[in-house]
Amino acid sequence: ERLRGEIPRILAETTLFPVTEDGRVIGYTLTRIAEGTLLSEVGLRPGDVLMRLNDVTVDSLATLISLWPKLQSAPQLRAEVLRAGQPASLVVNIK
């Protein structure tokens, strides 16, 4: 329920750009994050490269959009990121 209520703010206030390696997208750099939402609560920060979300590789915007129905019923939001070039795992309970 919370994610459903926050999605308009997340979409309006979060900015991301693709990161490519050998011509393919390997994640998205977050340049702006909606403060006070699940994204900031999970610990995501501007500059993080979002690589996986709930065990799904973030390789396109279509992949992110397709996660929306699954995230609505997920008990946790799990993000795997590169932060300053180092891997980090972030988790927040959403139910």
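Just above sits the structure.
About the thresholds
- Residues numbered from 1 in each chain as written.
- Predicted model: local features only at pLDDT ≥ 70, side-chain atom pairs only at ≥ 80, totals over all residues.
- Heavy atoms only, no water.
- Helix = DSSP H or I, 4+ residues; strand = E, 2+ residues; numbered from the N terminus.
- Rg over C-alpha atoms; globule rule 2.2 N^0.38 Å.
- Buried < 20%, exposed > 50% of the residue type's maximum accessible area, 1.4 Å probe, protein only.
- Contact = heavy atoms within 4.5 Å.
- Areas by Shrake-Rupley, 256 points an atom, 1.4 Å probe, with all protein chains shown as cover.
- 1 Å grid on protein atoms, 1.4 Å probe; cavity = no way out; pocket = protein on both sides within 12 Å on 5 of 7 lines; lining within 4 Å.
- Points joined across faces, edges and corners; volume = space filled by probe spheres on them.

Caption draft 1: Representation of the overall build of the protein in the model. Helix and strand content of the protein: three helices and six strands. Along the protein, helices and strands appear, N-terminal first, in the series α-β-β-α-β-β-α-β-β. The C-alpha atoms of the protein give 12 Å as radius of gyration, which agrees with the globular expectation for 95 residues (12 Å, within 12%). Taking all 95 residues of the protein together, the buried fraction comes to 37%. Sequence separation of at least 24 residues holds for 42% of the intrachain contacts in the protein that already meet a minimum separation of 6. As displayed, the protein offers around 5500 Å² of accessible surface, 56% of which is attributable to carbon and sulfur atoms.

Caption draft 2: Structural view of the layout of surface pockets. Quantified by volume, the largest pocket comes out at close to 520 Å³. Considering the residues around the largest pocket, the lining is formed by 18 residues, among which I7, I10, L11, L16 and L64 are closest to the centre. When contributions to the lining of the largest pocket are tallied by element, the ones reaching two or more residues are α1 (2-13), β3 (49-53) and α3 (61-72). Among the elements that make up the lining of the largest pocket, the one with the highest residue count is α3 (six residues).

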